[in-house]
Amino acid sequence: MDERRIADRFAGFDQDGNGYIDREDFYVAAKALLAEFSTTARCDKGQALFAGAEAFWQGMAGIADVDGDQRVTRGEFVTGAVKRLRDSPERFAEIARPFLRAGLAVAGADETGVGSEAARRVLKALGAADDAAQEAVAALDADGDGRISEDDAVQGFARYFTVPE
Ligand code: CA
Ligand code: CA
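**Focus on the overall build of the protein chain**
Line of reasoning, step 1. In terms of regular secondary structure, the protein chain is built from nine helices and two strands.
Line of reasoning, step 2. Secondary structure elements in the protein chain, listed N-terminal to C-terminal, are α-α-α-α-α-α-β-α-α-β-α.
Line of reasoning, step 3. Since a compact globule built from 165 residues should have a radius of gyration of about 15 Å, the 15 Å found for the protein chain is in line with a globular shape.
Line of reasoning, step 4. For the protein chain, with 165 residues in total, the buried portion stands at 43%.
Line of reasoning, step 5. In the protein chain, the proportion of contacts linking residues at least 24 apart, taken out of those at least 6 apart, comes to 62%.

**A short note on unusual backbone geometry**
Line of reasoning, step 1. At Ser-38, a position not held by glycine, the phi torsion is positive, near 45°.
Line of reasoning, step 2. The residue Ser-38 is located in the loop between helix H2 (23-36) and helix H3 (44-64) in this model.
Line of reasoning, step 3. With a phi close to 65°, Gln-70 is a non-glycine residue in the positive phi region.
Line of reasoning, step 4. Along the chain, Gln-70 turns up in the loop between H3 and helix H4 (74-87).

**With respect to the coordination of the calcium ion (ligand 1)**
Line of reasoning, step 1. Taken together, the protein ligands of the calcium ion (ligand 1) are Asp-14 (OD), Asp-16 (OD), Asn-18 (OD1), Tyr-20 (O), Asp-25 (OD) and Asp-25 (OD), with distances of 2.2 to 2.5 Å.
Line of reasoning, step 2. Positions of the donor residues of the calcium ion (ligand 1), expressed as sequence spacing, correspond to D-x1-D-x1-N-x1-Y-x4-D. Residue Tyr-20 shares its accessibility class with Asp-25, and that shared class is buried.

**Focus on helix H8 (residues 130-140)**
Line of reasoning, step 1. If you check which residues of H8 are buried, you get Ala-133, Val-137 and Leu-140. Projected onto a plane normal to the axis of H8, the buried residues spread over an arc of 65° and lie on a single side. In H8, the exposed residues that point more than 90 degrees away from the buried face are Asp-131, Glu-135 and Ala-138.

**Considerations on the coordination of the calcium ion (ligand 2)**
Reference values for angles at a metal are 109.5 degrees in the four-donor tetrahedral case and 90 or 180 degrees in the six-donor octahedral case.
Line of reasoning, step 1. The protein atoms that coordinate the calcium ion (ligand 2) are Asp-65 (OD), Asp-67 (OD), Asp-69 (OD), Arg-71 (O), Glu-76 (OE) and Glu-76 (OE), at distances spanning 2.2 to 2.5 Å.
Line of reasoning, step 2. Of note is the calcium ion (ligand 2), whose six donor atoms meet at the metal with angles of 54 to 155° in an arrangement that counts as irregular.
Line of reasoning, step 3. When the donors of the calcium ion (ligand 2) are listed by position in the chain, the intervening gaps give D-x1-D-x1-D-x1-R-x4-E.

**Points about helix H1 (residues 3-13)**
Line of reasoning, step 1. Taken together, the buried positions of H1 are Arg-5, Ile-6, Arg-9, Phe-10 and Phe-13. For H1, the buried positions fall inside an angular range of 135° around the axis, keeping them on one side. Turned more than 90 degrees off the buried face of H1, the exposed positions are Glu-3 and Arg-4.

**A word on the environment of Tyr-20**
Line of reasoning, step 1. Along the chain, Tyr-20 turns up in the loop between H1 and H2.
Line of reasoning, step 2. You can call Tyr-20 buried: its relative accessible area is 18%.
Line of reasoning, step 3. With ten residues separating them along the chain, Tyr-20 and Phe-10 place their C-alpha atoms 8.4 Å apart.
Line of reasoning, step 4. Of note is the side chain of Tyr-20, whose polar atom sits 3.1 Å from the side chain of Arg-71.

**Thoughts on the packing of H2 against H3**
Line of reasoning, step 1. Put simply, H2 and H3 touch, their axes get as near as 9 Å, and they point 150° apart. Classified by the angle their axes make, H2 and H3 are roughly antiparallel. At the point where H2 passes H3, the crossing takes the right-handed sense. Here Arg-23, Phe-26, Tyr-27, Ala-30, Lys-31, Leu-33 and Leu-34 of H2 lie close against H3, whose contacting residues are Gly-46, Leu-49, Phe-50, Ala-53, Glu-54, Phe-56, Trp-57, Gln-58 and Met-60.
Line of reasoning, step 2. Counted by class, the contact of H2 with H3 contains eleven nonpolar, two polar and three charged residues.

Each value, and the rule that gives it
- Residues numbered from 1 in each chain as written.
- Chains lettered and ligands numbered in written order.
- Predicted model: local features only at pLDDT ≥ 70, side-chain atom pairs only at ≥ 80, totals over all residues.
- Heavy atoms only, no water.
- Helix = DSSP H or I, 4+ residues; strand = E, 2+ residues; numbered from the N terminus.
- Rg over C-alpha atoms; globule rule 2.2 N^0.38 Å.
- Buried < 20%, exposed > 50% of the residue type's maximum accessible area, 1.4 Å probe, protein only.
- Contact = heavy atoms within 4.5 Å.
- Donors = N, O, S within 2.8 Å, 3.2 Å for Na, K, Ca; no water.
- Arc of directions from axis to C-beta.
- Tetrahedral: all angles 85-135°; square planar, octahedral: opposite > 155°, others 65-115°.
- Polar contact = N/O pair within 3.5 Å; in protein donor to acceptor, adjacent residues only side chain to side chain.
- Axes fitted to C-alpha atoms, helices over the stretch in contact; angles between N-to-C directions.
- Parallel < 35°, antiparallel > 145°, perpendicular 65-115°, else oblique.
- Left-handed = near helix turned anticlockwise from the far one by under 90°.
- Nonpolar A, V, L, I, M, F, W, Y, C, P; charged D, E, K, R; others polar.

Functional significance is not addressed by these values, which are geometric in nature.
Below, the structure written as structure tokens:
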């Protein structure tokens, strides 16, 4: 993965833009999703989302926080996360599954997932630009049935880091 893409992916995780990834970034993402779908943090879906955010952060820290200071710097991200991703993108993506599942539930998922408009709103709430969100949703819905399932989201997350654009 080239420098620009790594910077891009890092920025995606560094939701508050302070130059490192930590637990707060995952909470910022969870709050943005709850706000987008007018869901309270205290309801079951809100609590599941924060639990997913915490698990996602713990997974990321376990892979990439080499010095254990509860922050993932860009250098740690490059050496830890990116290398792990290249070796095993599916396993890396599993750290995101509880968060993605809970996020889709907040966005109104049924057993088949969410529609493309809800998926687009999720990506925009997480900071994706308009056109990027549009493209990503089209790519996620690989079978073209207009629904984005939990597995679509997890696989899309793995692809986002591994497939050259
Ligand atoms: Ca941050
Ligand atoms: Ca660190």
